[in-house]
Amino acid sequence: MNRSSRRQLLRITAMFGGGVLARRQKLLAWDTPGKLGAPLGPYGERSPFEKAVRWHRESKTPETGSCFTPLQASVGTITPSSLHYERHHSGIPTIDPAQHRLIIHGMVDRPLVLTMAEIQRLPSITRTLVLECGGNSAGEWAARTGADVQRSYGLVSCSEWTGVPLATLLADVGVKPSASWVIAEGADACRMERSIPLAKAMDNTLLAYGQNGEMIRPSQGYPLRLINPGWEGNTNVKWLHSLKVTSQPYMARDETSKYSDLMPDGTTRIFTYRMEAKSVITFPSGGQTLPGVGLYELTGLAWSGNGKIERVEITTDGGRSWTAAQLQEPRLPIALTRFRMPWRFEGRETIIASRAVDETGYVQPSREQLIAVRGHNSIYHYNGTKFWRVQANGEVTNVDA
Amino acid sequence: MSTRNALPLAIVVACAATLTAQSSRFGVGRPPTPDDVRSLGAAIAPDGDGLPAGAGTVAEGRTVFAARCASCHGPNGEGGGVGAALVGGHGTLATARPLKTVGSFWPQATTVWDYVNRAMPFDQPGLLKPDEVYAVVAYILNLNAIVGADAVMNARTLPAVKMPNRDGFVADPRPDVGSEMKMADVNHPTGTRGLLLIDKLGATIRFFDPATLTERASIKAATNPHDFALTADRKTAYVPLYGDGVYGRNPNPGHEVLIVDMDSAKVVGTIDVAPYRAPHGIQLDASGTIYVTSDLDRKLLVIDPKARKITHTIDTEGTTHWIGILPDGSKIYATNKNDGPFVSVIDVKSRKMTGRIAVPGGTQGIAVSPDGSRVVIMAMAEPTALVVDPKSDTVVDRITLKDQKTGGYKAYFSPDGKRLLTMNSGSPVINIFDATNLHGAQRTVTVGKDPMGFAFSADGKTALSANHGDGTVSLIDLEKGETVRTFKAGTGIETLAYY
């Protein structure tokens, strides 16, 4: 019923006096005049009732450090751009895209300087890809493991990336036959530098400028970054301004001193690029409380740098038995995959975990299996299973080793 | 799995002819000027390429350090403030509390120069001039007792500095944990990254895209390879060069094993096995040691791949052509054609032949089950597969190959242990067994001419047959037991594997 006919009805009923009709009017919403909502606007915000934000780990220098995605509040498989994890080494530069240049040089036939406008004219593709910091879950090596999913697994996010395959550009400039590496450098204050094998660059490396339907965010490398699908975050150089083709790796600080994995025998694994299969239950997870007994949808995320997730297994008896969860289709290679399983909480303490298997047959290992091979000091590439304890009262905590 | 993206090649090719060598085929960009490259700042290679003119002494470095570095890194580089410790930690890397500093951990001195130059001081990166960078690097190296107090660092002396931990870095060996396939399966490769084919007749190593089954790279070899072994991480292949002949008629034997980098599809080294000749059947143990046969010299060669040298030779008492190593690495079984009516049993630890398994009529191929419970030996003189129990080194079963008239030839277990596939001499028909019940039904499948090798897909559903007699490979549906398609591959592939 529209407003004018409502007013007419009220007038008519008022004419006939109060009584039952008048009382009934006060119960109805029609009694209160409608209030106009907020106006339309040029760039949307989420509801003020939504509070999940990144967690910025305390750091002696605010420009370096990490900011963790609130996975416990995640829905679906795409990470909202504003919640994409951050890991910077000298802060976020402000770059005018009209001034930004990409220089391709070194062992090439035709070195090139490109503007952003020129890069965006080249044949492009779009891929949904997970990005994970090599140091994600570094706290899990210790016996006191992370209290919630954000702090323990939150340096991982998934966006839809758009850009130019680096192979396209390398074919255009002509790579000399004896070249075997590409040295990528960013325009941040510390000029982050990483050596990328030419084989990877020619395989599926992307020069990305698009993130989730718009230009990349400054926190993710505006206006241009490298994306090496399935490889640790640091190799995906942000604010990219130079690609130098060479015949040797440059042994940058961030692939030698950092992002290398110290083994118990004192040797260190170098160029440990790939992120292996991993998963974690995001609900119910540490810090959350189940309101009561009953049916819930247990859910979480799985991913692998080596391709598609083949299956995710869930245990609700502390690891004695495992059952396959449902996977959200289509399962994309090297992207977050949502898994779900209906689960009844009976008000008894339960220990739950997920375990991913990817299409290569690789099974996500336990913390014990990882430590048995790599010791406690390798820092990077922790991909163990994460156990949560659902207490009898519904409170969920982590499980210390 | 490669996801290389196809270019709009027709457009590119059409435009190519009209453009000069100096311009982009897409018509974008311009050549960089020296100023463009200079504006990037220095990028220093480990051999010193990129280091600018300039020099600095330890004494000069002390001054720079006190002014620019000490506030974060401590007056003596001990760290504790905002900056990391630069000094100390020697000898701690293998302990429970390692301290990784420039001195104890960094592999190159050039990295110190490069990083200080581009990223330091933290709040004003790039502040220091080249002379100052040389000086402060000299000072930090001196604090770590790597250079003397009178050292001068410049573009010549800096790359020559050998850092204490330079040789402490190893290649990524993963997957190292979490695989459903155990370490044992180093000799039962599968995967989705690529497809390796050893083109014996074409003397070429070929790399195919496993999804499209089309060639994407190849390496021509000096002489003909027959077999290969892939390291556990599938990043390296060892390919012995047998020679241009066949067993029993190999007048120009090879003497090298090629080391092939799988990611770049390039030969990155060779292992010379001279004076031994014609390296052929090859397997690895879990530590990566290579075992390769020399039928002409009646030996099994033990090779350290890091040193690229033979470390031991084992007399097999026969013209050993193929071998199979148990997953636990304890024993190797060597087949000797019909040179002698036995299989040689070798104890790996003592590197000695310790026994024989009698097989009148001689033996051809050999397949070790992925769980190490059985070894299948193909009888040369009859269409029979012998099953050996590796605990007792005795033949415990004999399987007649259905619909086969010629002698047994090669055999392969699938990496998941579910199936055994066998071939017979000169027969285009292969037999597929349920590995858990070798006396059960056998499926026979026609492939191409003279199959010699199999590859198994990671999902266990299909296999490839290398039909070396007609230059083709057949894709076999293992569940249906039929050839799905046959495609051309090189001249005559003998062995192949997904990885």
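Heads up: the structure comes first, above all this text.
The rules behind each value
- Residues numbered from 1 in each chain as written.
- Chains lettered and ligands numbered in written order.
- Predicted model: local features only at pLDDT ≥ 70, side-chain atom pairs only at ≥ 80, totals over all residues.
- Heavy atoms only, no water.
- Pairing = 2+ DSSP bridges.
- Helix = DSSP H or I, 4+ residues; strand = E, 2+ residues; numbered from the N terminus.
- Core = buried A, V, L, I, M, F, W, Y, C linked by side-chain atoms within 4.5 Å.
- Buried < 20%, exposed > 50% of the residue type's maximum accessible area, 1.4 Å probe, protein only.
- Contact = heavy atoms within 4.5 Å.
- Expected span 1.5 Å × (residues − 1).
- Phe/Tyr/Trp six-rings, centres within 6.5 Å; stacked < 30°, edge-to-face > 60°.
- Lys NZ or Arg CZ within 6 Å of the ring centre and 35° of its normal.

**Q** So what's going on with the sheet that holds strand 19 (residues 323–324) of chain A? Residues and values would help.
**A** Residues and elements named next belong to chain A. Within the open sheet, the five strands sit side by side as 19-18-22-23-24. Their pairing is antiparallel. The outermost strands of the open sheet, each flanked by one partner alone, are strand 19 and strand 24 (396–398). The sheet contact formed by strand 23 (residues 387–390) and strand 24 spans three bridges and is antiparallel. Residue pairing in the sheet places tryptophan 388 in a bridge with asparagine 398 of strand 24.

**Q** Account for the nonpolar core, with residues named and values stated.
**A** Judged by nonpolar contacts, the single largest core of 77 residues is most densely connected at A:Leu102, A:Leu207, A:Leu240, A:Leu243, B:Leu141 and B:Met153. For this core, the element with the highest residue contribution is helix 6 (residues 130–143) of chain B, accounting for eight residues. Apart from residues lying up to four places away in sequence, A:Leu207 is in contact with A:Leu102, A:Thr162, A:Gly163, A:Val164, A:Leu166, A:Leu169, A:Leu224, A:Arg225, A:Leu226, A:Leu240 and A:Leu243. Counting 48 residues, the second largest nonpolar core, distinct from the first, contains A:Val156, A:Ala325, A:Ala335 and A:Phe339.

**Q** Outline helix 6 of chain B, listing residues and values.
**A** Residue and element names in this part refer to chain B. For helix 6, built from 14 residues, the straight-helix expectation of 20 Å at 1.5 Å per residue is met to within 8% by its first-to-last C-alpha distance of 20 Å. Within helix 6, ten of the 14 residues are buried, leaving the element largely enclosed by the surrounding structure. Those residues of helix 6 that fall on the buried side of the exposure criterion are Val133, Tyr134, Ala135, Val136, Val137, Ala138, Tyr139, Ile140, Leu141 and Asn142. Here the buried face of helix 6 lies against strand 1 (55–57), helix 3 (58–68), helix 5 (109–119) and strand 2 (152–154). Once helix 6 ends, the next one or two residues include alanine 145, with phi positive near 60°.

**Q** Explain the pairing of strand 11 (residues 279–284) of chain B to me, and be specific about the residues and the numbers.
**A** All names here are of chain B. Of all six residues in strand 11, six are buried, a share of seventy percent or more. Pairing of strand 11 with strand 12 (residues 290–294) involves four bridges; the strand directions are antiparallel. Looking at strand 12, one finds that proline 279 is bridged to serine 294. Between strand 11 and strand 12, which pair antiparallel in sequence order, lie five residues; one of them, glycine 288, sits at a positive phi of approximately 95°.

**Q** Run through the environment of B:Ala149, naming residues and quoting values.
**A** Residues and elements named next belong to chain B. Secondary-structure assignment places alanine 149 in the loop between helix 6 and strand 2. Sequence spacing of alanine 149 and alanine 138 is eleven residues, and the spatial spacing of their C-alpha atoms is 8.6 Å. Each residue touching alanine 149, except ones within four places of it in the same chain, is listed here: Val58 and Asn142.

**Q** Describe the packing of aromatic side chains, and please don't skip the residues or the numbers.
**A** Tallied over the entire structure, the rule returns 16 aromatic pairs over all chains. A ring pair is formed by A:Trp141 and A:Tyr382, whose centres lie 5.0 Å apart and whose planes are at 80°; its orientation type is edge-to-face. Pair noted here: A:Trp141 is in the loop between strand 6 (125–132) and helix 4 (149–153) and A:Tyr382 is in the loop between helix 8 (367–374) and strand 23, with a separation of 241 residues, a long-range link. On the accessibility criterion, A:Tyr382 (2% relative accessible area) is buried. Judged by centre distance (6.4 Å) and plane angle (35°), the rings of B:Phe208 and B:Phe487 are tilted. One end of the pair, B:Phe208, is in strand 5 (residues 204–209); the other, B:Phe487, is in strand 30 (residues 482–488), with 279 residues separating them in the sequence. Of the two residues, B:Phe208 and B:Phe487, both sit in the buried class. Three or more aromatic residues link up through ring pairs in this structure, and these residues are A:Trp181, A:Trp231, A:Phe271 and A:Tyr273. Cation over ring: B:Lys100 sits above B:Phe105, and NZ or CZ is 4.8 Å from the ring centre. The positively charged end of B:Arg356 is found above the aromatic ring belonging to B:Phe342, 4.0 Å away from the centroid.

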